[in-house]
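Here is what each chain is made of, one letter per residue.
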Amino acid sequence: MDGAGRRALALLLPLWCCLLAAAPRRCAGQTDLKSPQDIQVYVVNTNFTLRWNYTGNDTNVTFSAEYQWFGDLKTSETEWKELPGCQNVTDTECDFSSAITEYYDTHLVRVRAERKEDKSPWSSVFEMIPYFIAQIGPPEIHLQSVNGVIKIQVSSPEANQVRKMWISQLSFKYNLVIWENSSDAEVRSQSIFPTDTISDLAPETTYCLKVQATLPLYSQEGLFSPIRCVKTTRKVNDLFCPANLKVFALNMKFHLHWNNPYKQHVNYTVQYLIGYLKKLHDDYSEKWLNVPRCENITNTKCNFTSIITTTSGFYYLRVQAMSQYNKSCLSNEVIIDPLRINEIGPPAVKVDVSDVLLHVRISPPGGSENEIMTEHYYLSYQIMYRKNSSDNEEKMKVKEIKQTIATISDLTPSTQYCVKVKAFSETYNKSSPFSNEECIKTPEDKRLPLIILATFVTALIAVLVVAVLFIFFLYQAYNKIKYVFFPSCKPPLNIEGFGGQLFGSPYLPTAEEPIESCYVIESIIEEVNQIDFKDYKHSKQSSRDSGNYSNDDDTSGSKGSEGMLEKEII
């Protein structure tokens, strides 16, 4: 380099250094790229789509994503891995369906922006368990318009996929939305099977429809299929085709009746299909079976009880008519839910009586051998009973039981009672008519004569006791009155004849009796006096010895009486 060049370089070097000093410096790891925002994952069946927003104005920006999978609970740390299908994409979404194979495990996802060597910070982490955010995809439908109806065949949402989010394809239910292709069309919704027929349509009219798959058990509703439109044809009416099919069922005995609008000779064959076959996505048209003893019949009724082998499912019936010209026609189908369409008949009742207890024995509807009625309906019984009297105001009494034997008490003896019973099922909200009324008379009360006899004996004893007490008290009162007002005047035998008048009643005064003057011979008087006095003294001595008059008062009284006697005699 010559001198001029060196001088020029020396002049530019300070200027270059000034420019470098003025330029902003970027530290290691710093970038102008912004992080993606609003990270979302959309799952339809097993299709996974990652979407985000980017607010930067940078050009030539790409995006890459990473994910973590926590499939093994024993390992707490998991490395971030590149997310297949989401590396160096230029759009704000990517499909990473191939990366996710475990739909019940936790996954983490994050995204960042990239431009050559520059990389933005990672976005916030999106956490998901695929099964819980997945949506049911739209089903595929195939339509065919024939004879005034539309035949539809629905494919399950994952019919053409190897990996399936929804394990049980038979759990899907399908909702159909159909309307006329006009401005003021009325929308109609109904449930359909994978293979079904849409009827009640106007002829030569264009209808549009869409179908949605649902999982009622998990309260999940899927996406609707694309709208399809089809035009109906005019229906050809066959006059001999069976019409007005009706099912009559009583106590699990099933009969099918229909009308014959054709007046000429027609043979009928009743066919049935087990209900679960309609839930399959296969063609069941060749799986209809003939009902035994209802093949090539001419009458318009059929007993199909023999085909009801289970009560937990559905059955479908139809009637095929064959005219004399070998022309065939199929009726509309009727659905049979055995336990719901069946009616409960009245039970049989037997009554018996003992004393004042009424015993009711109930035979279940259809007889005791009909186990279906008792095992599946969980029958209860309502017993109504009343007195069979002319009083119209006599109220019916009600008793509900779950057994087939009942006892009714608190009945009146010698009274006729009438009983009737009906069966009912709370599970199916069904009840039977009442049975025939059975009447029986209660016996007389055997205790009544004993009660009457006991009452009579008790009353008789009470009367006798009262009478004895009354007589006793009356006798006592009589003695008192007699003693007070009517004392006895007869002196004791030992003093009888000696001044009896002195022993009168001390309470009643006695009138003085006239004294009669007597003349007595002295010698006789003395003799008598001595004899009588000796006898008197001997009597007193005997009385004293016997203890009857042993007190002093009696002695003194006797002495006084003796003196008085002596004086009186003298």
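Residues numbered from 1 in each chain as written. Predicted model: local features only at pLDDT ≥ 70, side-chain atom pairs only at ≥ 80, totals over all residues. Heavy atoms only, no water.

As annotated in an unreviewed UniProt entry, the protein carries the name Interferon alpha and beta receptor subunit 1 and is attributed to Anser brachyrhynchus.

Visitor: I'm lost on the overall build of the protein in this one. Help?
Guide: Helix and strand counts for the protein come out as seven helices and 33 strands. By the burial criterion, 32% of the 570 residues in the protein qualify as buried. Contacts spanning at least 24 positions in sequence make up 63% of the contacts within the protein whose residues lie at least 6 apart. (Helix = DSSP H or I, 4+ residues; strand = E, 2+ residues; numbered from the N terminus. Buried < 20%, exposed > 50% of the residue type's maximum accessible area, 1.4 Å probe, protein only. Contact = heavy atoms within 4.5 Å.)

Visitor: I would appreciate a short explanation of the nonpolar core in the present structure.
Guide: Soluble globular proteins: nonpolar side chains tend toward being buried together. Core analysis: the biggest nonpolar cluster contains 49 residues, and Leu256, Phe304 and Leu317 have the highest contact counts within it. Contact partners of Leu256, with chain neighbours within four places excluded, come to Leu245, Lys246, Val247, Val270, Thr300, Lys301, Cys302, Phe304, Leu317, Val319 and Val334. Judged by nonpolar contacts, the second largest core, of 48 residues, contains Ile39, Met128, Met165 and Leu215. (Core = buried A, V, L, I, M, F, W, Y, C linked by side-chain atoms within 4.5 Å.)

Visitor: Just checking my understanding: could you explain the pattern of salt bridges for this structure?
Guide: Pairing is possible between side chains that carry opposite charge, provided their charged atoms lie close to one another. On inspection of all chains with the given rule, the structure shows nine salt bridges. Arg115 is paired through a salt bridge with Asp118; the nearest N and O atoms lie 3.9 Å apart. Accessibility expressed as a relative area gives 23% for Asp118, which makes it partly exposed. Salt-bridge contacts for Lys430 lead to Glu343; the nearest nitrogen and oxygen are separated by 3.8 Å. One end of the pair, Lys430, is in strand β32 (residues 430-431); the other, Glu343, is in the loop between α3 (338-341) and β26 (348-354), and 87 residues separate them in sequence. Classification of Lys430 as buried rests on a relative accessible area of 12%. What makes Glu343 partly exposed here is its relative accessible area of 42%. (Salt bridge = Lys/Arg side-chain N within 4 Å of Asp/Glu carboxyl O.)

Visitor: Just to check I follow, could you spell out the sheet that holds strand β14 (residues 195-198) for this structure?
Guide: Two pairing modes exist for strands in a sheet, parallel and antiparallel, and in both the strands are linked by backbone hydrogen bonds. If you trace the three strands from one edge of the open sheet to the other, you get β10-β11-β14, paired in antiparallel fashion. Strands with a single pairing partner mark the edges of an open sheet, and in this sheet they are β10 (140-146) and β14. Each strand of the sheet is rotated relative to its neighbour by a mean of 25°, with strand direction disregarded. (Pairing = 2+ DSSP bridges. Axes fitted to C-alpha atoms, helices over the stretch in contact; angles between N-to-C directions.)

Visitor: Can you walk me through the pairing of strand β6 (residues 106-115) in this structure?
Guide: Within a regular strand, the side chains alternate between the two sheet faces. By the criterion of burial, β6 is predominantly enclosed, with eight of the 10 residues buried. As paired elements, strand β3 (residues 62-70) and β6 share nine bridges and run antiparallel to each other. Among the inter-strand pairings, Phe70 is bridged to a residue of β6, identified as Thr106. Pairing analysis gives three bridges linking β6 to strand β8 (residues 126-128), with the strands arranged antiparallel. Across the sheet, residue His107 finds its bridge partner in β8, namely Met128. Note: β6 against strand β7 (residues 118-119), two bridges, orientation antiparallel.

Visitor: In this structure, what is going on with unusual backbone geometry? I would like to understand it.
Guide: The phi angle of most residues is negative, glycine excepted, and most peptide bonds adopt the trans form. Phi at Ser219 takes a positive value of approximately 55°, unusual for a residue other than glycine. According to the relative accessible area criterion, Ser219 is exposed, its value standing at 66%.

Visitor: Can you walk me through the environment of Ile136 in this structure?
Guide: Tracing the backbone through its elements, the reader meets Ile136 in the loop between β9 (134-135) and β10. The exposure class assigned to Ile136 is buried, which follows from its relative accessible area of 1%. Distance in space between the C-alpha atoms of Ile136 and Gly222 is 4.1 Å, their sequence separation being 86 residues. Apart from residues no more than four positions distant in its own chain, Ile136 is found in contact with Asn45, Pro157, Trp166, Phe172, Ala213, Thr214, Leu215, Gln220, Glu221, Gly222 and Leu223.

Visitor: For this particular structure, what's the right way to read the state of the cysteines?
Guide: As used here, a disulfide is simply a covalent bond connecting the sulfur atoms of two cysteines. One pass over the structure, following the stated rule, counts five disulfides. Each disulfide pairs two cysteine sulfurs, and for Cys208 the partner residue is Cys229, the sulfurs being separated by 1.9 Å. Taking the sign of the torsion about the S-S bond as the criterion, the disulfide between Cys208 and Cys229, at about 100°, is right-handed. Of the two residues, Cys208 sits in strand β15 (residues 206-215) while Cys229 sits in strand β17 (residues 228-231), which places them 21 residues apart along the sequence. Ordering the disulfide-forming cysteines of the protein by sequence position, one finds them joined as 1-2, 3-4, 5-8, 6-7, 9-10. (Disulfide = S-S within 2.5 Å.)

Visitor: Would you explain the confidence of the model for the protein in this entry?
Guide: Where the model shows low pLDDT, its predicted coordinates should not be examined in detail. On average, residues of the protein carry a pLDDT of 80, and 76% of them reach 70 or more. Scored below 50 in pLDDT, residues 1-28 makes three contacts in the model with residues more than four places away or belonging to other chains. (pLDDT = per-residue confidence, 0-100.)

Visitor: Is there a simple way to think about the packing of aromatic side chains in this case?
Guide: For any two aromatic rings, the description comes down to two numbers: the centre-to-centre distance and the angle of the planes. In total, this model carries 13 aromatic pairs according to the counting rule given. With a centroid separation of 5.5 Å and 65° between ring planes, the pair formed by Trp258 and Tyr268 is classed as edge-to-face. Of this pair, Trp258 sits in strand β19 (residues 253-259) while Tyr268 is found in strand β20 (residues 266-274), placing the two residues 10 residues apart along the sequence. Across the pair, exposure class does not vary: Trp258 and Tyr268 are buried alike. (Phe/Tyr/Trp six-rings, centres within 6.5 Å; stacked < 30°, edge-to-face > 60°.)

Visitor: What should I look at first to understand a nonpolar patch on the surface in this one?
Guide: Together, Leu453, Phe456, Val457, Leu460, Ile461, Leu464, Val465, Leu469, Phe472 and Phe473 give the surface a local cluster of nonpolar side chains, amounting to about 980 Å² of exposed area. Here Phe473 is to be found in helix α5 (residues 447-485). (Patch = residues over 30% accessible without salt bridge, like charges linked within 9 Å, V, L, I, M, F, W, Y side chains within 5 Å. Areas by Shrake-Rupley, 256 points an atom, 1.4 Å probe, with all protein chains shown as cover.)

Visitor: How should the sheet that holds β26 be read in this particular structure?
Guide: Ordered in space as β26-β27-β30, the three strands form an open sheet in which the pairing is antiparallel. Across the chains shown, the open sheet's two edge strands, defined by having one partner strand only, are β26 and β30 (405-408). Within this sheet the neighbouring strands show an average axis-to-axis angle of 20°, counted without direction. The sheet contact formed by β26 and strand β27 (residues 357-363) spans seven bridges and is antiparallel. Across the sheet, the residue bridging to Val353 is Leu358, located in β27.

Visitor: How should I be thinking about the environment of Thr233 in this particular structure?
Guide: Assignment of secondary structure puts Thr233 in the loop between β17 and β18 (243-250). Considering only alpha carbons, one finds Thr233 and Asn147, 86 residues apart in sequence, at a separation of 5.8 Å. Apart from residues no more than four positions distant in its own chain, Thr233 is found in contact with Ser145, Val146, Asn147, Gly148, Pro203 and Glu204. Of the polar contacts made by the side chain of Thr233, one reaches the backbone nitrogen of Asn147; its length is 3.1 Å. (Polar contact = N/O pair within 3.5 Å; in protein donor to acceptor, adjacent residues only side chain to side chain.)

Visitor: So what exactly am I meant to see when it comes to the side chain of Asn251 here?
Guide: Looking at where Asn251 falls in the secondary structure, it is placed in the loop between β18 and β19. Asn251 sits in the buried class, given a relative accessible area of 12%. Here Asn251 is in contact with Asn342, Glu343, Ile344, Gly345, Pro365, Gly366, Asn370 and Met373, once residues within four sequence places are set aside.

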